[in-house]
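Close look at the chain arrangement
For reference, the chains in residue letters:
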Amino acid sequence: MDITITPHGRTVVVAPQDSVDSHNAQDLQEQLLPLFEDADAVILDGHAMPFITSAGLRVLLMAQQKGTTPKQFILCAINAEVRDVFRVAGLDALFHYEDNTQSALKAVS
């Protein structure tokens, strides 16, 4: 799975370039979770992530638990279909959402 990782000072923006499912969730986990060791905040930019399965949700829940403050892990540019997956799973209230990367970067500063 292609994942773009872009540092912005002590914040890191992670952008999966495909759907996150059981075939590639491990790749996302291996690249996403270690970022919490050094970054003040991690933003997952979902603009190129058309869908997510329960395997992907598991990785994002693990990331959310790594964060020590509510805004240490933010999801942005999440499409309506992916948001519906969060809602149906009852997980939508666990995450902080922003419309785009710029607003997510402002939220963590």
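Below is a summary of the structure that appears in this document. (Residues numbered from 1 in each chain as written. Predicted model: local features only at pLDDT ≥ 70, side-chain atom pairs only at ≥ 80, totals over all residues. Heavy atoms only, no water.)

A few points about the nonpolar core
Inside soluble globular proteins, nonpolar side chains tend to come together where they are buried. If you look at the biggest cluster of nonpolar residues, it comprises 29 residues, and the most contacted ones within it are L32, L60, F73 and F86. Looking at which element gives the most residues to this core, the answer is helix α2 (residues 54-66), with 5 residues. Grouped together as the second largest cluster of nonpolar side chains are 6 residues, I43, I74, C76 and A107 included. (Core = buried A, V, L, I, M, F, W, Y, C linked by side-chain atoms within 4.5 Å. Buried < 20%, exposed > 50% of the residue type's maximum accessible area, 1.4 Å probe, protein only. Helix = DSSP H or I, 4+ residues; strand = E, 2+ residues; numbered from the N terminus.)

Description of the pattern of salt bridges
Using the criterion set out here, one finds 2 salt bridges in the structure. The salt bridge involving D40 is made with R10; its shortest N-O contact spans 3.2 Å. With D40 in the loop between α1 (25-32) and β3 (41-45) and R10 in the loop between β1 (3-8) and β2 (11-16), this pair connects stretches of sequence that are 30 residues apart. (Salt bridge = Lys/Arg side-chain N within 4 Å of Asp/Glu carboxyl O.)

So, the packing of aromatic side chains
Two numbers describe a pair of aromatic rings. These are the distance of the centres and the angle of the planes. If you walk through the whole model with that rule in mind, you get 4 aromatic pairs. Connected via pairs of aromatic rings, a cluster forms that spans F36, F73, F86, F95 and Y97. (Phe/Tyr/Trp six-rings, centres within 6.5 Å; stacked < 30°, edge-to-face > 60°.)

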